[in-house]
Amino acid sequence: MNMTRQELCAALDAQLAAAQEQVCVLAVPLAGGVPLYERGAGRRAVSASTIKVFILLAALDEVRRGRLALDTPVSVTAEDILPDTGVFVDGPGMHPLEELLVWMIVLSDNTATNVLIGLLGAECINAAACSVGTKNTVLERKMLDWDAVSAGRNNYTSAEDLLRVFAALDDEDTVYTLLEDLFTIREIKETSQRLAVARLLDAGKSYAAIEEATGASATTIARVSKCLSYGSGGY
């Protein structure tokens, strides 16, 4: 559907007028440039799950600096597991950092998020947010910690801060540099294998056929299948 800028603004104005909650909006062209629409873009607002982008940023920065690795084992205890999880249904265990990051972003799992907050610490996450020029982003509590909210602690960001993070990640040179710092040759091959698995699953191939074609284990195929079924379309 093609819309003029005037039509877009009118449609968004109507949507926001009908909204029952405070809404902040910043719409920009994919190629950058002058915003198409702005409403409270610089206003600090409760972040909800968008804070997870900054946790991802902090974790990847720790990997880049050599303080962590994508295969660093992380403990998930019974006390960590929240009732809303769709991932940790088999109980506590050890999981590589990479899996926790995938589950936090692709499945928006709050248990994985809280474990990562505990691993990294609020100071590290907030420093990572500041490193990309944010002005309104701060993490003060874990996910679903309503006692912290009652005590006046919350997580905040703004539409402008989110744009700063996405713009940094969308810069081609930045992405290439990040990948070179983050991934070994083995990890690049494993990522390519998972993408191949996803394509074959999407084509309706059986686990046996995929295993033969890619060399991926049944466990890897099952994990990719879970992301395809319950994720947000990242694959």
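Reference entry: report on the structure contained in this document. (Residues numbered from 1 in each chain as written. Predicted model: local features only at pLDDT ≥ 70, side-chain atom pairs only at ≥ 80, totals over all residues. Heavy atoms only, no water.)

### Focus: the nonpolar core
Judged by nonpolar contacts, the single largest core of 36 residues is most densely connected at Ile55, Leu100, Leu101 and Leu120. Among the secondary structure elements, those contributing two or more residues to this core are helix H2 (51–64), strand E4 (73–76), helix H3 (97–106), helix H4 (110–120), helix H5 (122–131) and helix H7 (159–170). Ranked by the residues each element gives to this core, the list is headed by H2, at nine residues. Counting residues in hydrophobic clusters, the runner-up holds seven residues, among them Ala198, Ile210, Ala216 and Val224. (Core = buried A, V, L, I, M, F, W, Y, C linked by side-chain atoms within 4.5 Å. Buried < 20%, exposed > 50% of the residue type's maximum accessible area, 1.4 Å probe, protein only. Helix = DSSP H or I, 4+ residues; strand = E, 2+ residues; numbered from the N terminus.)

### Remarks on the pairing of E4
Along a regular strand, successive side chains alternate from one face of the sheet to the other. On E4, burial follows the alternation: Val74 and Val76 on one face are buried, whereas Pro73 and Ser75 on the facing-out side are not. With four bridges joining them, E4 and strand E5 (residues 93–96) adopt antiparallel strand pairing. Bridged to proline 73 within E5 is proline 96. (Pairing = 2+ DSSP bridges.)

### Re the packing of H2 against H4
Remark: H2 packs on H4, axes separated minimally by 11 Å, with the N-to-C direction vectors making an angle of 45°. Between H2 and H4, the angle is such that the two are oblique. As for the relative orientation of H2 and H4, their crossing is left-handed in sense. Across from Lys52, Ile55, Ala58, Ala59 and Glu62 in H2, the residues of H4 making contact are Asn110, Thr113, Leu116, Ile117 and Leu120. Residue classes in the contact of H2 with H4 are distributed as six nonpolar, two polar and two charged. (Axes fitted to C-alpha atoms, helices over the stretch in contact; angles between N-to-C directions. Parallel < 35°, antiparallel > 145°, perpendicular 65-115°, else oblique. Left-handed = near helix turned anticlockwise from the far one by under 90°. Contact = heavy atoms within 4.5 Å. Nonpolar A, V, L, I, M, F, W, Y, C, P; charged D, E, K, R; others polar.)

### Remarks on the pattern of salt bridges
Taken as a whole and assessed by the stated rule, the structure comprises seven salt bridges. A salt bridge links arginine 39 to aspartate 13, with the nearest nitrogen and oxygen atoms 3.0 Å apart. Pair noted here: arginine 39 is in strand E2 (residues 37–39) and aspartate 13 is in helix H1 (residues 5–18), with a separation of 26 residues, a long-range link. The exposure class assigned to arginine 39 is partly exposed, which follows from its relative accessible area of 35%. Residue aspartate 13 is classed as partly exposed on the basis of its relative accessible area, which comes to 34%. Taken together, the shared-partner salt bridges in this structure form one network comprising Asp61, Arg64 and Arg65. (Salt bridge = Lys/Arg side-chain N within 4 Å of Asp/Glu carboxyl O.)

### Overview of the packing of aromatic side chains
One pass over the structure, following the stated rule, counts one aromatic pair. When the ring of phenylalanine 88 is compared with that of tryptophan 103, the centres are 5.4 Å apart and the planes differ by 85°; the resulting orientation is edge-to-face. Here phenylalanine 88 is found in the loop between E4 and E5, whereas its partner tryptophan 103 is found in helix H3, with 15 residues between them in sequence. You can call phenylalanine 88 buried: its relative accessible area is 4%. (Phe/Tyr/Trp six-rings, centres within 6.5 Å; stacked < 30°, edge-to-face > 60°.)

### So, H5
Along H5, the residues classified as buried are Cys124, Ile125, Asn126, Ala128 and Ala129. Close packing links the buried residues of H5 with H2 and H4.

### Side note on a nonpolar patch on the surface
Judged by side-chain polarity, Leu144, Trp146 and Val149 come together as a nonpolar surface patch covering roughly 270 Å² of accessible area. Within the element layout of this structure, tryptophan 146 appears in helix H6 (residues 146–150). Residue tryptophan 146 is classed as exposed on the basis of its relative accessible area, which comes to 53%. (Patch = residues over 30% accessible without salt bridge, like charges linked within 9 Å, V, L, I, M, F, W, Y side chains within 5 Å. Areas by Shrake-Rupley, 256 points an atom, 1.4 Å probe, with all protein chains shown as cover.)

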